[in-house]
Amino acid sequence: MASGSDKNGDQQLKLYSCYRSSCSFRVRIALNLKGLKYEYKAVNLLKGEQFSPEFRKLNPIGCVPVLVDGDLAVSDSFAILLYLEEKYPQHPLLPKDLQRKAINFQAANIVCSSIQPFQNQAVLNYIEEMVTPDAKIELAKVHTEKGFAALEDLLKNYAGRYATGDEVSFADLFLAPQIRAAFLWFNLDMTQFPLLSRLHEAYNEIPAFIDARPDKQPDAPS
Amino acid sequence: MATASDQQLKLYSYYRSSCSYRVRIALNLKGLKYEYKAVNLLKGEQYSPAFRKLNPIGYVPVLVDGDLAVSDSFAILLYLEEKYPQHPLLHKDHQRRAINFQAANIVCSSIQPRQNLAVLNYIEERVSPDAKIEWAKVHIEKGFAALEDLLRNYAGRYATGDEVSFADLFLAPQIHAAFTRFNLDMTRFPLLSRLHEAYNEIPAFVDARPDKQPDAPS
């Protein structure tokens, strides 16, 4: 089983992450599920560490997460997860069935392209400046609710114990952080989203998910 | 070579949708014939009950392949790559493959969502028509600057080498929109400008352009 260490047992896997970043959270879950040890490299987004020249060399867009695996550096959570799935096939996260695989990618992209971009720090700051602080919360909520409603519809015919069946899969990695953010920060009325609420409870039972949570990370405020 | 016979492939598309454009390019590159099913976004056809059954989030494109329906351009392109492996669009090399996914996601998660119709309408309503253009430009320019940096060490004739690849499918429509809809100063983005010229030479890309689609205004 590929383990993420080199022949000396040193941590050849490094993850540049911020505790609160939902994109980093996704990757942390996958690394845990696959039993991969890694060195946690904290990037303080509030202090602007993502804009340092060294970090920009790793990822020119200045976002976390970035995964370094020996000589290779992969940025963007989606790209990282597809890389991990290929390089470390233990605990596979993608169904072989093409329809179910596609549903996983679609659910992941609903989070990744339709929800998360409207509630990350940079965008919230921009809206707060251009409009008002209330408008920024409204933007995040509108997009989250729209995306969550779509996810409820999309997954209703596929969900089992988890998003697309009775095993954890690719979609769950994207859902867990997004749903958690909705509960903690956006005060959404989650009773509108019974499936997602149930999944949230299910994720809270899995060590790989719990250990990936923001409050469990080395850079979380104590 | 896997083929799709008797128009079993249908693509629900809007001529101007850059997400639909990505898929049209891939279908053309792979030599796949399909039935074009126009969805008029300005008339709200994406909210019809029939369309919502195909895609609950009400977005185009949707690809129907026999009994299977795939929504979301990224998911559709990965599906096509697996089911119809002719004219492969993903490298075997892990680093280069990952660069393609990252470039695709810069477009797909950082740029396009912030300049699609729904969001622009929202900003126009909440702020002003000028604010919406500024909003789109800020996000496009930020993403384009990142793409220039990201691809500089990988680009050849195309985004990540001398063959067309996954990233090119995302770049072509986004760059096309920047030139035709958003009036960006593209001199700041020499690599992307060069790629734009290169895409305009490839029939599969040209035939996928908005103005070439059945639902484009004449």
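Quick note: structure is the one above.
Going along each chain's sequence as written, the residues are numbered from 1 onward. Chain letters start at A and ligand numbers start at 1, both assigned in the order the entries are written. Thresholds applied to this predicted model are a pLDDT of at least 70 for local features of residues and 80 or more for the giving and counting of side-chain atom pairs; totals over whole chains, interfaces and linings are not thresholded and use all residues. The side-chain numbers reported here are obtained from all heavy atoms of the structure, hydrogens and water having been left aside.

Engineer: Can you help me understand the overall build of chain A in this one?
Structural biologist: In terms of helices and strands, chain A carries nine helices and four strands. As a reference, a globule follows 2.2 Å times the number of residues to the power 0.38, and the radius of gyration itself is taken over C-alpha atoms. Relative to the globule expectation of 17 Å for 222 residues, the C-alpha radius of gyration of chain A, 17 Å, shows essentially globular dimensions. Along the longest, intermediate and shortest principal axes, the C-alpha atoms of chain A span 50 × 45 × 30 Å. Within chain A, contacts between residues at least 6 apart in sequence are counted, and of these 66% link residues at least 24 apart. Residue burial considers only the protein chains on display, and all accessible areas are found by Shrake-Rupley using a 1.4 Å probe. Summing over all exposed atoms, chain A offers an accessible surface of approximately 9,400 Å²; the carbon and sulfur share of this is 50%. The positive count covers Lys and Arg only, the negative count covers Asp and Glu only, and His and the chain ends enter neither. For this purpose, a charge sits on NZ of Lys, CZ of Arg, CG of Asp or CD of Glu. Averaged over its 24 positive side-chain charges, chain A has a centre that lies 3 Å from the centre of its 27 negative ones. Put simply, DSSP marks the helices as runs of H or I at least four residues long and the strands as runs of E at least two long, and each gets a number from the N terminus on. A contact between two residues is defined here by any heavy atoms of the two lying within 4.5 Å.

Engineer: Please explain the interface of chain A and chain B as it appears in this structure.
Structural biologist: Interfaces are frequently sized by the accessible area removed from exposure as the parts join. Contacts between chain A and chain B engage 44 residues on the former and 43 residues on the latter. The junction of chain A with chain B conceals about 3,700 Å² of combined surface from both sides, 64% of it contributed by carbon and sulfur atoms. Reported buried area values correspond to the accessible surface (1.4 Å probe) lost by two parts on association, with both partners' losses combined. Among the residues chain A hides against chain B, the three largest losses belong to Ile61, Leu98 and Tyr126 of chain A. Together they make up 15% of the total. Any Lys or Arg side-chain nitrogen found within 4 Å of a carboxyl oxygen on Asp or Glu counts as a salt bridge. Inspection of the region where chain A meets chain B yields two salt bridges. A salt bridge links glutamate 82 of chain B to lysine 101 of chain A; its shortest N-O distance comes to 2.9 Å.

Engineer: Please clarify how the state of the cysteines should be interpreted in this entry.
Structural biologist: Two cysteines joined by a covalent bond between their sulfur atoms form a disulfide. Note on disulfides: each one is a pair of cysteine sulfur atoms within 2.5 Å. Taken as a whole and assessed by the stated rule, the structure comprises zero disulfides over all chains. Here cysteine 18 of chain A stays unpaired: no disulfide links it, and the sulfur of cysteine 23 of chain A, its closest cysteine neighbor, is 11 Å away. For every residue, the accessible area obtained with a 1.4 Å probe (protein chains only) is divided by the maximum for its type, and the residue is called buried under 20%, exposed over 50%, and partly exposed between those limits. Taking the relative accessible area as the measure of exposure, cysteine 18 of chain A reaches 7% and is therefore buried. A disulfide-free cysteine, cysteine 112 of chain A has its sulfur positioned 6.5 Å from the sulfur of cysteine 108 of chain B, the nearest such atom.

Engineer: I tried to follow unusual backbone geometry on my own but got confused; where do I start?
Structural biologist: Leaving glycine aside, a negative phi is the common case for residues, and trans is the common case for peptide bonds. Of note, the amide linkage connecting valine 64 of chain A to proline 65 of chain A takes the cis form, showing an omega dihedral of 5 degrees. Mapped onto the elements of the fold, proline 65 of chain A is located in the loop between helix H2 (53–58) and strand E3 (66–69). Across the junction of valine 60 of chain B and proline 61 of chain B, the peptide omega takes the value 0 degrees, indicating a cis bond. Secondary-structure assignment places proline 61 of chain B in the loop between helix H2 (49–54) and strand E3 (62–65). One non-glycine residue, aspartate 72 of chain B, lies in positive phi territory at about 85 degrees. One can find aspartate 72 of chain B in the loop between strand E4 (68–71) and helix H3 (73–83). Positive phi outside glycine occurs at histidine 87 of chain B, with the angle close to 50 degrees. Along the polypeptide, histidine 87 of chain B turns up in the loop between H3 and helix H4 (94–111). Residue histidine 87 of chain B is classed as partly exposed on the basis of its relative accessible area of 35%.

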